[in-house]
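A look at the structure
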Amino acid sequence: MSDPYDGAERSLGQLVASATAEMSALVHDELALAKAEIRQDVKRGAIGSAAGIAAAVVLLFSLPMLSFALAYAINTWTGGHNGNGGWNLVWCFLLSFAFNVLVAGLLGLLAYAKFKKVKPPERSIASAKQTAAVLSTVKPHPRPEAAKALDKALDKSSAVARSSV
């Protein structure tokens, strides 16, 4: 028997072991690539979620305080501080509400932009398709006639075994 590492003749067991090891390494590398791509997309999704939550928190908790402060500031700016009355407080509160909705809308757009950047793991998909294409073109080595006869005998025995179950 020859040395399996000199590139010469190797046994069937050595060839199968080598192919199995290489396939295992290939699958491991593809999984690592997919994990890296998914990790990056999860990070983007988390940032988008945080921005969306921040938008909701701003809208919910700051509306009452900001609305009152802004409404009275508008009233004061339009002359309400010197006794002339200024704008009606209703309009001041509506402007205050519109400002808060604008801030929440901007934060919502930021969240949307971050979520839009989340993509499928394209490199992993392309790599898996390439591996499948390579494996689909692989043809087995031609076998001698004795091996074909043995295969036929094994097929018949497995058919008998299946029919008796």
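Residues numbered from 1 in each chain as written. Predicted model: local features only at pLDDT ≥ 70, side-chain atom pairs only at ≥ 80, totals over all residues. Heavy atoms only, no water.

Describing helix α3 (residues 122-137)
How we decide: We count a stretch as a helix when DSSP gives it H or I for four or more residues in a row; a strand needs E for two or more, and each element gets its number in order from the N terminus. An expected span of 1.5 Å times one less than the residue number is assigned to each helix. For every residue, the accessible area obtained with a 1.4 Å probe (protein chains only) is divided by the maximum for its type, and the residue is called buried under 20%, exposed over 50%, and partly exposed between those limits. Within this analysis, the arc is defined by the directions that extend from the helix axis to the C-beta atoms. Only heavy atoms enter the contact rule, under which two residues are in contact if any of them lie within 4.5 Å.
Under the 1.5 Å per step criterion, the end-to-end length of α3 is 23 Å for 16 residues, consistent within 8% with the ideal 22 Å. Residues S124, S127 and T131 constitute the buried set of α3. Buried residues along α3 cover an arc of 65 degrees about the axis, so they all sit on one side. Of the exposed residues in α3, the ones pointing more than 90 degrees away from its buried face are E122, K129, Q130, S136 and T137. Elements in contact with the buried residues of α3: α1 (12-77).

Details of the packing of α1 against α3
Between two packed helices, both the angle of their axes relative to each other and the distance between the axes serve to describe the pair. To keep it simple, the criterion reads: To obtain each axis, a line is fitted to C-alpha atoms, and for helices this fit is confined to the stretch in contact; angles are then taken between N-to-C directions over 0 to 180 degrees. Any angle that is under 35 degrees is reported as roughly parallel, and any over 145 degrees as roughly antiparallel; angles of 65 to 115 degrees are reported as roughly perpendicular and all others as oblique. Should the near helix be turned counterclockwise from the far one by less than a right angle, the crossing is left-handed, whereas a clockwise turn marks it as right-handed. Asp, Glu, Lys and Arg are counted as charged, while Ala, Val, Leu, Ile, Met, Phe, Trp, Tyr, Cys and Pro are counted as nonpolar; the rest, among them Gly, fall into the polar class.
Contact geometry of α1 with α3 gives a least axis separation of 8 Å together with a crossing angle of 160 degrees. With respect to their mutual orientation, α1 and α3 come out roughly antiparallel. Between α1 and α3 lies a crossing of left-handed hand. Seen from α1, the contacting residues are M23, L26, E30, L33, A34 and E37; seen from α3, they are E122, R123, S124, S127, A128, T131 and L135. Residue composition of the contact of α1 with α3, grouped by class: 6 nonpolar, 3 polar and 4 charged.

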